[in-house]
Amino acid sequence: MFWSYTFCAIPFLFFGGILSFFNVIPVEFNGSSRFGIQGFVIAVIFIPFFGLIFSCTNWLALNFGRFLYVTFLKAIKSK
């Protein structure tokens, strides 16, 4: 899941970094707008963090769903 989310984020964050480099759209980092080289580098560095955050969130949601599923099956089998 990590690699899927990371490769999905590459075109979007790279494009956002290019727009920031040309002062079109800023990259928000720590509550301040960043343009130029700084905005481009922040956007590119954020790519693996995006993949990590989303894959961990997805893993938690899937495991919680599996827990509910197994609990539901045990409740049905005990009746």
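About the cut-offs
- Residues numbered from 1 in each chain as written.
- Predicted model: local features only at pLDDT ≥ 70, side-chain atom pairs only at ≥ 80, totals over all residues.
- Heavy atoms only, no water.
- Helix = DSSP H or I, 4+ residues; strand = E, 2+ residues; numbered from the N terminus.
- Rg over C-alpha atoms; globule rule 2.2 N^0.38 Å.
- Buried < 20%, exposed > 50% of the residue type's maximum accessible area, 1.4 Å probe, protein only.
- Phe/Tyr/Trp six-rings, centres within 6.5 Å; stacked < 30°, edge-to-face > 60°.
- pLDDT = per-residue confidence, 0-100.
- Expected span 1.5 Å × (residues − 1).
- Bend = angle between axes of the 7 residues up to and from the residue.

A closer look at the overall build of the protein chain
Looking only at helices and strands, the protein chain features 2 helices and 2 strands. Counting helices and strands in the order they occur from the N terminus, the protein chain gives α-β-β-α. Relative to a compact globule of 79 residues, whose C-alpha radius of gyration would be 12 Å, the protein chain shows 19 Å and is clearly more extended. Each of the three principal axes of the protein chain carries a C-alpha extent, and together these read 65 × 25 × 15 Å. The proportion of buried residues among the 79 residues of the protein chain is 18%.

Quick word on the packing of aromatic side chains
Between two aromatic rings, the relevant description is the distance of the centres plus the angle of the planes. Under the criterion given, the structure shown has 7 aromatic pairs. An angle of 35° between the planes, with centres 6.1 Å apart, marks the rings of Trp3 and Phe7 as tilted. With a gap of 4 residues between them, Trp3 and Phe7 both fall in helix H1 (residues 2-21), about one helical turn apart. Among the residues examined, Phe7 registers a relative accessible area of 55% and is labelled exposed. A centroid spacing of 5.7 Å and a plane angle of 40° characterise the contact between Tyr5 and Phe54, whose relative ring orientation is tilted. Highlighted residues: Tyr5 in helix H1 and Phe54 in helix H2 (residues 36-78), separated in sequence by 49 residues.

Considerations on the confidence of the model for the protein chain
Any region with low pLDDT has predicted coordinates that should not be read closely. Here the protein chain averages 94 in pLDDT, and 99% of its residues register 70 or above. Predicted confidence in the protein chain is weakest over strand E1 (residues 27-29), with a mean pLDDT of 92, and strongest over H1, with 95.

Description of H2
The terminal C-alpha atoms of H2 lie 63 Å apart, and with 43 residues this matches the ideal 63 Å at 1.5 Å per residue to within 8%. Along its length, H2 shows its largest kink, about 35°, at Ile47, and proline Pro48 lies within four residues downstream of that point. For H2, the complete set of buried residues consists of Gly36, Gly39, Ile42, Ala43, Ile47, Gly51 and Ser55.

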